[in-house]
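Overview (structure and organization)
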Amino acid sequence: MIGKTRQIETEPRGILVPHIKVGSFCHERMAPSAALAEWVEHYWFVGWDMQGHPPQQQETLPHPNVHLVIENDTDGVYGVHTARYTKLLAGQGFAFGIKFRPGGFRPFFGRAVAELSDRRVALAQLFGAGGEQLTQQLRACATSADAAPSAMAALAEAFLLARLPRADEDAGRAAALVAAVAGNPALLTVDALAEQAGINKRALQRMFQQYVGVGPKWVIKRYRMHEAVARLQAGTAPALAQLALSLGYYDQAHFIKDFAALVGKPPGEYLRQLPPPAAR
């Protein structure tokens with residue numbers, strides 16, 4: 001399994017604090033094998049050591065994905081997190097995760113993924129003894145002398161392959177529609193997405209509740225905020241009024257209000273607090 005995983009070269013989006021000031025921090029992502037690529041977007045590993053330093057707060061804007069996560073002291077399947085996600089990095093620790101494709105967890109779960117939104121469900125509750133065993137294996141791997149994220153990914157691969165679901169066309173359709181929104185900043189309305197999908201709005205909304213866990217309007221707004229944050233971080237954002245218009249807002253005030261509600265501060269203040277692009 002280790003030989004079938006590979007590092008992912010694209011930069012992750014949605015990390016609001018692009019640089020930890022003190023201590024050590026690493027973030028790796030690994031692609032799944034071909035047998036799981038239909039359901040899994042990637043595996044990820046975060047490790048930190050803040051010993052001797054004050055805790056550092058990391059914040060992200062989550063994507064419309066379900067994650068299976070194992071840490072030092074907790075585990076669980078996390079549904080789509082609709083708010084800003086905040087994690088205080090203190091002491092020494094790790095987190096290993098499986099990021100399922102939008103729609104990719106529904107075949108494993110067997111029910112509407114909307115049931116998991118903004119929730120964590122322990123692995124033992126969903127997968128019984130197998131979930132407990134995976135947690136123990138990954139924690140043991142993380143503390144071993146030759147621990148490596150690729151070895152943890154191999155354990156996760158084996159766990160999922162033993163539970164491989166049947167192919168599900170709607171899971172693939174949901175993933176493709178979310179990818180269309182993420183890849184096309186000009187796709188700004190549910191009507192346009194429904195037209196691209198070839199189904200009516202109500203059917204589109206039902207599909208998203210079943211397979212993604214949130215509605216299509218939420219997905220569109222979230223990816224427009226990802227785009228706004230990415231442009232601000234890269235130093236390529238135009239004036240706020242023009243940025244708001246390009247993201248489908250008819251007035252700057254509405255954009256600033258939505259940005260502040262999600263990111264925790266208005267875009268101008270967020271931009272001023274970012275380090276220069278060359279320093280990130």
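Residues numbered from 1 in each chain as written. Predicted model: local features only at pLDDT ≥ 70, side-chain atom pairs only at ≥ 80, totals over all residues. Heavy atoms only, no water.

Looking at the confidence of the model for the protein
A low pLDDT means the predicted coordinates there should not be read in detail. Of the residues in the protein, 92% have a pLDDT of 70 or more, and the chain-wide mean is 90. Predicted confidence is poor over residues 1-5, with pLDDT under 50, and the contacts of this stretch with residues over four places away or in other chains come to 13 contacts. (pLDDT = per-residue confidence, 0-100. Contact = heavy atoms within 4.5 Å.)

Describing empty space enclosed by the protein
For the structure on display, the rule yields 1 cavity of 30 Å³ or more. By volume, the largest cavity amounts to about 40 Å³. What lines the largest cavity is a set of 13 residues, among which V66, R101, G103, V113 and Y211 lie closest to the centre. Taken together, the residues that form the lining of the largest cavity break down as 8 nonpolar, 3 polar and 2 charged. (1 Å grid on protein atoms, 1.4 Å probe; cavity = no way out; pocket = protein on both sides within 12 Å on 5 of 7 lines; lining within 4 Å. Points joined across faces, edges and corners; volume = space filled by probe spheres on them. Nonpolar A, V, L, I, M, F, W, Y, C, P; charged D, E, K, R; others polar.)

Focus: the environment of R272
If you trace the backbone, R272 turns up in helix α11 (residues 267-273). On the basis of relative accessible area, R272 is assigned to the exposed category, the value being 67%. For R272 and L232, which are 40 residues apart along the polypeptide, the C-alpha to C-alpha distance reads 9.8 Å. (Helix = DSSP H or I, 4+ residues; strand = E, 2+ residues; numbered from the N terminus. Buried < 20%, exposed > 50% of the residue type's maximum accessible area, 1.4 Å probe, protein only.)

Thoughts on unusual backbone geometry
You will see that D118, though not glycine, has its phi angle at about 60 degrees, which is positive. One can find D118 in the loop between α1 (106-109) and β9 (120-121). When its relative accessible area of 45% is taken as the criterion, D118 is described as partly exposed.

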